[in-house]
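Notes for the structure review
Okay, here's what each chain looks like letter by letter:
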Amino acid sequence: EAVAAEWMLEFACSCLCRHFAEQSGAEFWRWRDVAQALINGLSQIPPHQKKTVYLCQVLIRVAQGKSLGLQFENDQRISPLESALSFWTLLEGEEIKLAKLHEDIRRLIQIQIVAVHMENRYFKEAAEALERLFTDSESDKPLRVKLATVIKTKDPYVPLLQSFSFSLLISKVKSYIKLFMKENETNFLIQAATKHVASKGLGTTTLQNRPVEDNENDKSDLKTKKRFVLSIILLRDVLGQEHETCKPKSSCCHDVDYSLFWIYINCLLGLNNMHNVGKNEVSLACSRRRQRWTHEEDLELKLGVKEFGVGNWAKILVHGNFNNRTSVMLKDRWRTLSKIK
């Protein structure tokens, strides 16, 4: 299960990178939810996946960089970009090359933290953020002095902020993504799916070349069907390889936990809207939504909020004893409990 989760996280990160680079909003947000759910499910980050996790967190926060109303940290003063900077610093620690690109992106995030506050006329908050951003090192001093001067002008359109714009930050992050994707071409799930499609002579070519009416609904439906075919092939063959050495009556063949793979397919395809797929498979991924909260879970939630604070649902989920819940469920339940109180 842990190995399968690692494959899924790598694949989710790959999709997140691709859709960030293509600026395909709806797909990016869907894969954000998948990646975040997988990350939240980790009791600890495996050393070889730290870079993957940090990059996912950076992309999620940069994509929401202009939304000051969103909170990713316990401290409500921390904007999405300031949270992104903390993960970018961790990501830098996992790499020894690309020093120039790392520095460019770090400086752009720092400048945009101030710029976004100023665009929203939050000049006091911009000054406070500036104090948190920089150390006392001499290398940081020139930029710190420039940004302090900019804040005093209360003008969000000064040349410095215009030259190091949010769009330039996005462009630089895309450059990093391109290098990351090239370095991680060995993604297991993509390789496995490609191999099986080629060996079975299946479909993507046929599906791609099949004449369809030129409307967005048909195109969307076709893409969904192709992803569904690839996922089913992958599921069947991975499970088959796992147990092909089993004897006919071996107990291990009856103990396979299929739920993880069905949850993966549900995340990948959005099966909640595909009612023609078997009800049993869909219910595995949907059942936890209908599950009543127990008194013990409510106590765990209250203890978690007391220890980690309201809003830090991922940490509360990891450290608490919950029955197949997600961080979103914790947030919704806390809202309900607050109203009752």
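A short tour of the structure in this document, coming up. All values reported here derive from a predicted model rather than from experimental measurement.

1. Overview of the overall build of the chain
- Each helix and strand counted, the chain has 17 helices and zero strands in total.
- Taking all contacts inside the chain whose residues are at least 6 apart in sequence as the whole, residues at least 24 apart take part in 64%.
- Of the roughly 19800 Å² that the chain leaves accessible, carbon and sulfur atoms contribute 53%.

2. Comments concerning the nonpolar core
- If you look at the biggest cluster of nonpolar residues, it comprises 61 residues, and the most contacted ones within it are L59, L147 and L169.
- The element best represented in this core is helix α5 (residues 99-119), accounting for 10 residues.
- If near-sequence neighbours (up to four positions away) are discounted, L59 is found in contact with L16, C17, F20, F28, V173 and I177.
- Core analysis: the next-biggest nonpolar cluster, separate from the first, contains nine residues, V305, F308, F322 and L337 among them.

3. Some points on the environment of D155
- Among the secondary structure elements, D155 is positioned in the loop between α7 (141-153) and α8 (159-163).
- Judged by relative accessible area, which is 31%, D155 ranks as partly exposed.
- C-alpha separation for the pair D155 and M118, spaced 37 residues apart in sequence, amounts to 7.4 Å.
- Beyond its immediate stretch of four places on either side in the chain, D155 contacts M118, V150 and L161.
- There is a polar contact of 2.9 Å between the side chain of D155 and the backbone nitrogen of Y157.

4. Examining α5
- For α5, with 21 residues, the first-to-last C-alpha span of 30 Å sits near the 30 Å given by 1.5 Å per residue.
- The buried fraction of α5 amounts to 16 of the 21 residues, a majority that puts the element mostly inside the structure.
- Looking one or two places after α5, you find R121, whose phi comes out positive at around 65°.

Calculation rules
Position numbers for residues count from 1 along each chain, tracking the sequence in the order it is written. This being a predicted model, a pLDDT of at least 70 is required before a residue's local features are given, and a value of 80 or more before pairs of side-chain atoms are given or counted; all residues contribute to the totals for chains, interfaces and linings. For side-chain calculations, the full set of non-hydrogen atoms in the structure is used, while hydrogens and water are omitted. Each helix corresponds to a stretch of at least 4 residues labelled H or I by DSSP, and each strand to a stretch of at least 2 residues labelled E; elements are numbered beginning at the N terminus. Throughout, a residue-residue contact means that at least one pair of heavy atoms, one from each residue, lies within 4.5 Å. For accessible areas, the Shrake-Rupley method is used with a probe of radius 1.4 Å. Any residue's cover is judged against the shown protein chains and nothing else. Within this scheme, the nonpolar core is defined by two criteria: the residues are buried Ala, Val, Leu, Ile, Met, Phe, Trp, Tyr or Cys, and they are joined through side-chain atoms within 4.5 Å. When accessible area is computed with a 1.4 Å probe and restricted to protein chains, residues below 20% of their type maximum are described as buried, those above 50% as exposed, and intermediate ones as partly exposed. Polar contacts, as used here, are pairs of N or O atoms within 3.5 Å; protein pairs need one atom able to donate a hydrogen and one able to accept it. Residues neighboring in sequence count only if both atoms are side-chain atoms. Given the number of residues in a helix, its expected span is that number minus one, multiplied by 1.5 Å.

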